[in-house]
Amino acid sequence: MRRLGNILLVLLAGALLFGSCREKETVREELSVNPTSIEAGAALKSYKITVQSNTTWTVTVEGSASWLSLDRASGREDATVTVRVLENKYQDPRGATVLFKTARGTEARVTLTQEGKEGGGEAPEENVLRLGTYNLRMSNLDKEGDNAWSLRKDRLKQSLIACDFDVFGIQEVSSETQTWLNAELKDYYTFRYFSPYAQNGTGDRAQGIGYRKDAFTLSDWHFFWAWSTPDTMGNNDTGDQGTFKRGGCCCILTHKATGIKLFFMNNHGCLNAASNKQNAHVYVEQEPRFNPDGLPSFFVGDMNLRESTEAGSPYMTFTAYWTDPYKVLSATERTGCAGSYNGFANPTGKSRIDYVFYRGEGITPKLYHCDNTLYGGLYASDHFPVWVEYAIEK
C-alpha cells in the first residue's frame, strides 16, 4: 500500500512539473506602445511613448534620423520613452520609425512624421554644417545695470538658441556660466571646457567647445598653452593690457548621420598685441599634432586680432595655413554686420576680431553671418556671435 502511495506521489509530482514547464513554455511576450504614430510640428519638442511589456526590450531609431533622439536605449516591463525632435528648418516634412524589440524578436513600432517649416528653405543635398564662435563675456564682470549677468543671461540664452549652431567655440566662460550652460542648454548641446588657469584644464575663466548632442560624438579632446612649452601652463599674455594665461582646446567630432569626421580648434587670443604676434604660430603647430589624419580642419575663436596684411601679423600667420571664409564669399553671401566686437555700444559692430577659419579638401563655405540681433534693444554679450555654413564632402 505504501509502495502504491509512493508511486502516486511520483506521478503527481511529474504531472505538476510537466504542467509548470508547459505553463512557462506558453507564457507569451507582451509588447505594445502608445501612441503608434506621432505627428510632430516643425518646432523643437519632446514626445512621450508609453510602453507596456512583461519582459526586457530595446528601442532604436531606424535609419539615420540625426534630428531625433531617445532618452534611453532599453527598458524592462512597463516604462516611458521620451523622443526629442529637433526643429525642422526646411519646408519639406520628414519621417522616422522608432523600433521596440524584445530578446525573442517581438516588435512594436512608432511612426513619427514632422511637418516642414512654413517659409523654410529646401533641404540641402550637401552635408551642410553651421560652425561658429561666441565670446560670452565673463559673468562676474558686470555687477549693475542692464548688462548684469542676472539680467543678461536670459538674452544670451535666446541668442545661443537662435544661432542654431551645430558646433561652436566659446570664450570667457566662468565657472558660473559653465554650470548655467550645462543646465539651460542641456537639451541642445554638450559642452567641454578648458581653463588655461589650471594645469589640468579645469576651473574658472575657461573657453570651450559646444556640439549638438544628437548629431555628434566627440573624441581626442586636447588642450595646450600658446607659448614655447604648449603642454605647460604659464603667463603667456603679458603687456600693457594685463597679464593672462592663453591657450587652445581641440577635438575630433564625428557626425552621426553621415560619418563625417572633422577637427575643431577653439582659442581666445592674447589681448596684448606683441604676445599675440609672438605666439600665433603655436596654433598652427598644434593642428597637425592633434589632427594627424588631415581631417577637415576648423579654427575658431575670439582671436583678439584684426585683419592685417602686415608680414608676421597673427592674421597672416593663421591665413597662411587656414582660409578666412569672409574673404572667399561674396558680399551677398555675408549677412549680419561686419564687426563682431560691439563693446555693448555698437549695434553694427566695432571691429572684426572673431573668426571661423577652415582648411582641407572638400570644404565649401556657403554663408557667413555675424548676428547683431538685439533683445529689447539690449545686447546678449559684448561680442556678436559669428557662424559660417560649410558644405563638407563625405
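Check the entry above for the structure.
The residue numbering used here restarts from 1 in each chain and proceeds along that chain's sequence as written. Confidence filtering applies because this is a predicted model: local features only for residues at pLDDT of at least 70, side-chain atom pairs given and counted only at 80 or more, and all residues used for totals across whole chains, interfaces and linings. As a rule here, side-chain values come from all non-hydrogen atoms in the structure, and water together with hydrogens is ignored.

A. Summary view of the layout of surface pockets. Grid points spaced at 1 Å over the protein atoms alone were grouped into cavities, where a 1.4 Å probe fits but cannot get out, and pockets, open sets with protein on both sides within 12 Å along at least five of seven lines, with lining residues defined by an atom within 4 Å of a point. Grid points are joined across faces, edges and corners, and a volume is the space filled by probe spheres set on the points. Considering only enclosed or pocket space, the second largest pocket measures out at about 550 Å³ in volume. In terms of lining, the second largest pocket is formed by 25 residues, of which the most central are Glu172, Arg246, His268, Leu271 and Asn304. Gly falls in the polar group here, along with every residue not listed as nonpolar (Ala, Val, Leu, Ile, Met, Phe, Trp, Tyr, Cys, Pro) or charged (Asp, Glu, Lys, Arg). Residues belonging to the lining of the second largest pocket are distributed by class as follows: nine nonpolar, eight polar and eight charged.

B. Representation of the sheet that holds strand S20 (residues 363-370) in the model. With mixed pairing, seven strands are arranged side by side in an open sheet as S12-S13-S11-S10-S21-S20-S18. Sheet topology places strand S12 (189-194) and strand S18 (334-336) at the edges, where each strand pairs with a single neighbour. When the angles between neighbouring strand axes are averaged without regard to direction, this sheet yields 20 degrees. Two strands pair under a simple rule: DSSP has to find at least two bridges between them. By definition, any uninterrupted DSSP run of H or I lasting at least four residues is a helix, any uninterrupted run of E lasting at least two residues is a strand, and each is numbered from the N terminus. Of the pairings in the sheet, the one linking strand S11 (residues 167-173) to strand S13 (residues 206-212) comprises five bridges and is antiparallel in character. In this analysis, axes come from line fits to C-alpha atoms, helices being fitted only over the stretch in contact, and the angle between any two N-to-C directions falls in the range 0 to 180 degrees.

C. Summary view of the side chain of Asp142. Along the polypeptide, Asp142 turns up in the loop between strand S10 (128-135) and helix H2 (149-163). We call two N or O atoms a polar contact when they sit within 3.5 Å, provided that within protein one can donate a hydrogen and the other can accept it, with sequence-adjacent residues counted only if both atoms are side-chain atoms. A polar contact is formed between the side chain of Asp142 and the side chain of Arg137, at a distance of 2.7 Å. Ignoring anything within four residues of it in the chain, the contact list for Asp142 reads Arg137, Asn147, Ala148, Trp149 and Phe344. Contacts are assigned to residue pairs that have any heavy atoms within 4.5 Å of one another.

D. Seen up close, the nonpolar core. Residues grouped as a nonpolar core are buried Ala, Val, Leu, Ile, Met, Phe, Trp, Tyr and Cys residues, joined through side-chain atoms within 4.5 Å. Residue burial is assigned from relative accessible area. The probe radius is 1.4 Å, only protein chains are included, and a residue is buried under 20% of its type maximum, exposed over 50%, and partly exposed in between. Of all hydrophobic cores here, the largest spans 33 residues; its most connected members are Leu131, Val167, Leu253, Phe264, Phe298 and Tyr390. Per element, the largest residue contribution to this core is four residues, and it comes from strand S21 (residues 386-392). Grouped together as the second largest cluster of nonpolar side chains are 22 residues, Val33, Trp67, Ala96 and Phe100 included.

E. Fine view of the pairing of strand S8 (residues 94-102). In this sheet, S8 lies alongside strand S4 (residues 56-62) in antiparallel orientation, the contact comprising six bridges. Bridged to Thr60 within S8 is Leu99. Bridge count for S8 against strand S9 (residues 107-114) is eight bridges, and the pairing is antiparallel. Across the sheet, the residue bridging to Leu99 is Arg109, located in S9. From the end of S8 to the start of S9, which pair antiparallel, there are four residues, and Gly105 there has a positive phi angle of about 100 degrees.

F. View of the environment of Val98. With respect to the helices and strands, the residue Val98 is situated in strand S8. Taking relative accessible area as the criterion, Val98 reaches 1% and is therefore assigned buried. Sequence-wise, Val98 and Ser69 are 29 residues apart; in three dimensions their C-alpha atoms are separated by 9.7 Å. Aside from chain neighbours lying at most four places away, what touches Val98 is Ile49, Val59, Thr60, Leu68, Leu70, Ala108, Arg109 and Val110.

G. Main features of empty space enclosed by the protein. Following the criterion strictly, the structure yields one cavity of 30 Å³ or more and no others. A volume near 40 Å³ is recorded for the largest cavity. Around the largest cavity, the lining residues are Tyr134, Ser159, Asp371, Thr373, Tyr375, Tyr379, Ala380, Ser381, His383, Phe384 and Pro385. For the lining of the largest cavity, the per-class residue count stands at six nonpolar, four polar and one charged.

H. A look at the packing of aromatic side chains. Centres within 6.5 Å make a pair out of two Phe, Tyr or Trp rings, where for Trp the six-membered ring is used; the pair is then stacked when the planes are under 30 degrees apart, edge-to-face when over 60, and tilted otherwise. Scanning the model with the defined rule gives 29 aromatic pairs in all. Residues Phe224 and Phe290 carry aromatic rings whose centres are separated by 6.3 Å and whose planes lie at 25 degrees to one another, so their mutual orientation is stacked. Remark: Phe290 occurs in helix H4 (residues 273-290) and Phe224 occurs in strand S14 (residues 216-225); sequence separation between them is 66 residues. Phe290 shares its class with Phe224; the two are buried. Ring pairs connect the aromatic residues Phe224, Tyr283, Phe290, Phe299, Tyr315, Phe318, Tyr321, Trp322, Tyr355 and Phe357, which therefore count as one cluster. Two thresholds decide whether a charge sits over a ring: the Lys NZ or Arg CZ must be within 6 Å of the ring centre and within 35 degrees of the ring normal. One Lys or Arg, Arg84, reaches over the ring of Tyr188 and ends 5.5 Å from the middle of that ring. Lying over the aromatic face of Tyr321, Arg359 brings its terminal NZ or CZ to 3.7 Å of the ring centre.

I. How the structure looks around the state of the cysteines. Note on disulfides: each one is a pair of cysteine sulfur atoms within 2.5 Å. Enumeration over the complete set of coordinates arrives at zero disulfides. Here Cys249 stays unpaired: no disulfide links it, and the sulfur of Cys250, its closest cysteine neighbor, is 7.2 Å away. Classification of Cys249 by relative accessible area gives buried; the value is 0%. Sulfur of Cys250: no disulfide; nearest cysteine sulfur belongs to Cys251 and is 7.2 Å away. On the accessibility criterion, Cys250 (0% relative accessible area) is buried.

J. Highlighting the pattern of salt bridges. Any Lys or Arg side-chain nitrogen found within 4 Å of a carboxyl oxygen on Asp or Glu counts as a salt bridge. A complete count under the given rule lists 18 salt bridges for this structure. Two residues, Glu87 and Lys117, come together in a salt bridge whose shortest N-O distance is 3.1 Å. One end of the pair, Glu87, is in the loop between strand S7 (79-85) and S8; the other, Lys117, is in the loop between S9 and S10, and 30 residues separate them in sequence. Using a relative accessible area of 33% as the deciding quantity, one classes Glu87 as partly exposed. The salt bridge involving Glu307 is made with Arg352; its shortest N-O contact spans 3.1 Å. Taken together, the residues span a long stretch of sequence, with Glu307 in the loop between strand S17 (297-302) and helix H5 (314-319) and Arg352 in the loop between S18 and strand S19 (354-359) at a distance of 45 residues. Where salt bridges share partners, they join Lys89, Asp164, Asp166 and Arg212 into one cluster.

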